[in-house]
Structure formats: structure tokens, C-alpha cells
Amino acid sequence: MRELVECEIDAAGIMSAPAATARRRRSVAVNVAESPLSWLRSRGLVDSRQFEAGERLRADYETASLGPSVTMRWESGPVSRGRRAAGAAIDPTLAQLMAKRRFDAAIAAAGPGLADVAWRVICAGEALPMAEKALGWPVRAGKLVLCLALDRIASHYQLP
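Here the structure is a predicted model, which means the values were calculated and not measured. (Residues numbered from 1 in each chain as written. Predicted model: local features only at pLDDT ≥ 70, side-chain atom pairs only at ≥ 80, totals over all residues. Heavy atoms only, no water.)

1. A few points about helix H6 (residues 141-156)
Okay, so step 1: Taking 1.5 Å of rise per residue, 16 residues should cover 22 Å, and H6 covers 23 Å from first to last C-alpha, within 8% of that figure.
Okay, so step 2: All buried positions along H6 are accounted for by Gly142, Val145, Leu146, Cys147, Ala149, Leu150, Ile153 and Ala154.
Okay, so step 3: Lining the buried residues of H6 we find helix H1 (36-42), helix H2 (48-63), helix H3 (94-110), helix H4 (115-123) and helix H5 (128-135).
Okay, so step 4: Taken from the residues just after H6, Gln158 is the one with a positive phi, measuring 55°. (Helix = DSSP H or I, 4+ residues; strand = E, 2+ residues; numbered from the N terminus. Expected span 1.5 Å × (residues − 1). Buried < 20%, exposed > 50% of the residue type's maximum accessible area, 1.4 Å probe, protein only. Contact = heavy atoms within 4.5 Å.)

Now the structure itself:
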């Protein structure tokens, strides 16, 4: 499903809602149905602070490369002996390590009962009804729990 919205981009590359100005800046069409969190935001079910917290958590998750790999790994193979031996394995970058630490701290800040639904909806991209069913929760309970988790994550990231 596609739900396109036109958003303006400033010089720093940050998107904002379109403003009614005489001079238009660069704009881009954004599919707000791309993630379950943006779908909830487009319907007013989560506020901007909660949405920003969820996007930061997802950015840390993706930067840390915590998701499953679906393609071939291009790192070197097993180390063998001799002149034509493969090089040492590639170490994770500092950015990946720092993102993993931020992600772990944010999930810990959400708490054990709230982190499950936050991870499923924000990082794994599950729809809220699917996450509720997988966790064995009643219908529409996930929205409340997700909002509580997003509030805790926003406090962890010190969002205003």
C-alpha cells in the first residue's frame, strides 16, 4: 500500500511538512505507509516526540547492522596458511559498535515488558495487530504499550 505525502527538504537534508510559503524549496514524495511507526504517526496515534524516538531507535538498529542478512557476506573466508591465504576478518566499525550500545541502552530503558513490542514494530517492521497476536495480547492493547515504550525511549534519548 502506498500513501504518498509531499515533504519539503531544507539545505541539511531534513524533511518537514509542506509549508504554505510563496517560495517553495526542494520537495520529495514520501511513502508514510513505509513503516508501521510512520503509519501510526500519519493517523495521529503517536505524537512527534514518540515518532522521533522510534526513528532514532530504528536508525541505531540499522546502523548497528543487527537485522538478519539476506544476501551473501562479502567478508573474507576462513583463514588458511600460505602466501595466498585470506586476510583477517573485518572488524565492525566504530559507528556500528556505538550504535549497538545506544540501541541496547534504549531497549533497556524501555523495560522488559515494553521492549518486545517496541522491537517488533519499530525494528522488525511488524504491523501492530501482528505484534499483538504474536505476543498473545488482546486486540488494541499494543498501541498503549507501544506508546509507553516510545515515551521511555524518548526520555532515554532526552528528546524535548
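2. Observations regarding the nonpolar core
Okay, so step 1: The biggest cluster of nonpolar side chains holds 28 residues, and the ones touching the most others in it are Leu57, Val117, Ile122, Leu146 and Ile153.
Okay, so step 2: When contributions to this core are tallied by element, the ones reaching two or more residues are H1, H2, H3, H4, H5 and H6.
Okay, so step 3: The element that contributes the greatest number of residues to this core is H6, accounting for seven residues. (Core = buried A, V, L, I, M, F, W, Y, C linked by side-chain atoms within 4.5 Å.)

3. Points about the packing of H2 against H3
Okay, so step 1: Axis separation between H2 and H3 bottoms out at 8 Å; the angle between their running directions is 140°. Accordingly, the angle class assigned to the pair H2 and H3 is oblique. Considering how the two elements wind past one another, H2 and H3 form a crossing that is left-handed. Residues Leu57, Asp60, Tyr61 and Thr63 of H2 touch H3, and the partners they reach there are Ala95, Gln96, Ala99, Arg102, Phe103, Ala106 and Ile107.
Okay, so step 2: Residue classes in the contact of H2 with H3 are distributed as seven nonpolar, two polar and two charged. (Axes fitted to C-alpha atoms, helices over the stretch in contact; angles between N-to-C directions. Parallel < 35°, antiparallel > 145°, perpendicular 65-115°, else oblique. Left-handed = near helix turned anticlockwise from the far one by under 90°. Nonpolar A, V, L, I, M, F, W, Y, C, P; charged D, E, K, R; others polar.)

4. Describing the environment of Met98
Okay, so step 1: Structurally, Met98 can be placed in helix H3.
Okay, so step 2: Met98 gets classed as partly exposed once you look at its relative accessible area, which sits at 35%.
Okay, so step 3: Along the primary structure Met98 and Thr63 are separated by 35 residues, whereas in three dimensions their C-alpha atoms are 9.1 Å apart.

5. Some details on the packing of aromatic side chains
Okay, so step 1: In total, this model carries one aromatic pair according to the counting rule given.
Okay, so step 2: Note on Tyr61 and Phe103: the rings are 5.5 Å apart at their centroids and 50° apart in plane angle, and the pair reads as tilted. Taken as a pair, Tyr61 in helix H2 and Phe103 in helix H3 lie far apart in primary sequence, 42 residues in all. (Phe/Tyr/Trp six-rings, centres within 6.5 Å; stacked < 30°, edge-to-face > 60°.)

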